[in-house]
Amino acid sequence: MSCVRFFVSELHAWQWLGILLARLTVGLLFFLSGRGKLFAPEQRKQMRQTLIEAHVPFPQFNAAFVSAVEFVCGLLLILGALTPVACALLAFVMFMAITTIAIRNIKASSPLNWLSEFLYLPEVLYLVILIWLFFSGPGWLSVDRLILL
């Protein structure tokens, strides 16, 4: 049994690596997505059109706002700076994307199939990772850790 405990304690010692990988991956995803929507006219137009079709109020403003949040908060996640704030803002964006756009595209014949398709949405996975990072913190390789030391 002591071998198992040793193995588990060693795994816990390396949890920072999982946190770093999740933070960098999700941060980069949002940073690049926001960058494209902010600086590529075609992507900006597509974002605005998506919001119009979803009947989101003030689509021009919200397209710019969401894109800026993705860009800035994605960069903050990459750096591990203001991690709880970045996660909260991005989680709100993901929650709104799920409720206004993604959930409408689910076509299922039963509640179990609906749940399966819902959990298959990438926005749901991003939301879960953001919630985990909100509570776990950015890990030791982060700007937050440097400032709080």
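Residues numbered from 1 in each chain as written. Predicted model: local features only at pLDDT ≥ 70, side-chain atom pairs only at ≥ 80, totals over all residues. Heavy atoms only, no water.

**Examining the overall build of the protein chain**
Along the protein chain, the regular secondary structure elements total eight helices and zero strands. Reading the protein chain from its N terminus to its C terminus gives the helix and strand order α-α-α-α-α-α-α-α. Across its three principal axes, the protein chain shows a C-alpha extent of roughly 60 × 45 × 20 Å. Burial analysis of the protein chain (149 residues in total) assigns 34% to the buried set. Counting contacts in the protein chain only where the partners sit at least 6 residues apart, residues at least 24 apart contribute 67% of the total. As presented, the protein chain carries roughly 9700 Å² of accessible surface, and 74% of it is formed by carbon and sulfur atoms. (Helix = DSSP H or I, 4+ residues; strand = E, 2+ residues; numbered from the N terminus. Buried < 20%, exposed > 50% of the residue type's maximum accessible area, 1.4 Å probe, protein only. Contact = heavy atoms within 4.5 Å. Areas by Shrake-Rupley, 256 points an atom, 1.4 Å probe, with all protein chains shown as cover.)

**Some details on the side chain of Ser-67**
Along the chain, the position of Ser-67 falls in helix H4 (residues 59-79). Residue Ser-67 is classed as buried on the basis of its relative accessible area, which comes to 2%. Leaving out residues up to four positions away in the same chain, Ser-67 has contacts with Gly-34, Lys-37, Leu-38 and Met-47.

**Here we look at the packing of helix H2 (residues 15-39) against helix H3 (residues 41-53)**
Orientation of H2 relative to H3, taken along the N-to-C sense of each, is 95°, at an axis distance of 5 Å. When the axes of H2 and H3 are compared, the pair comes out roughly perpendicular. Residues Ser-33, Gly-36, Lys-37, Leu-38 and Phe-39 of H2 lie in contact with H3, whose contacting residues are Pro-41, Gln-43, Arg-44 and Met-47. Each residue belonging to the contact of H2 with H3 can be placed in one class, and the counts come to four nonpolar, three polar and two charged. (Axes fitted to C-alpha atoms, helices over the stretch in contact; angles between N-to-C directions. Parallel < 35°, antiparallel > 145°, perpendicular 65-115°, else oblique. Nonpolar A, V, L, I, M, F, W, Y, C, P; charged D, E, K, R; others polar.)

**Describing the packing of aromatic side chains**
Following the criterion strictly, the structure yields eight aromatic pairs and no others. Both rings, one in Phe-61 and one in Phe-65, keep their centres 5.9 Å apart while their planes meet at 15°; by these two values the pair is stacked. In this pair, Phe-61 and Phe-65 are both assigned in helix H4, four residues apart and thus about one turn of the helix distant. Its relative accessible area of 41% is what places Phe-65 among the partly exposed residues. Through pairs of rings, three or more aromatic residues link up here, namely Trp-14, Trp-16 and Trp-140. (Phe/Tyr/Trp six-rings, centres within 6.5 Å; stacked < 30°, edge-to-face > 60°.)

**Describing the environment of Leu-20**
Residue position: Leu-20 is located in helix H2. Distance from Leu-20 to Pro-111, taken between C-alpha atoms, is 35 Å for residues 91 residues apart in sequence.

**What to know about the pattern of salt bridges**
With the rule as written, the count across this model stands at one salt bridge. Notably, a salt bridge pairs Glu-70 with Lys-37, separated by 3.0 Å at the nearest N-O pair. Highlighted residues: Glu-70 in helix H4 and Lys-37 in helix H2, separated in sequence by 33 residues. Neither residue differs from the other here; Glu-70 and Lys-37 are each classed as buried. (Salt bridge = Lys/Arg side-chain N within 4 Å of Asp/Glu carboxyl O.)

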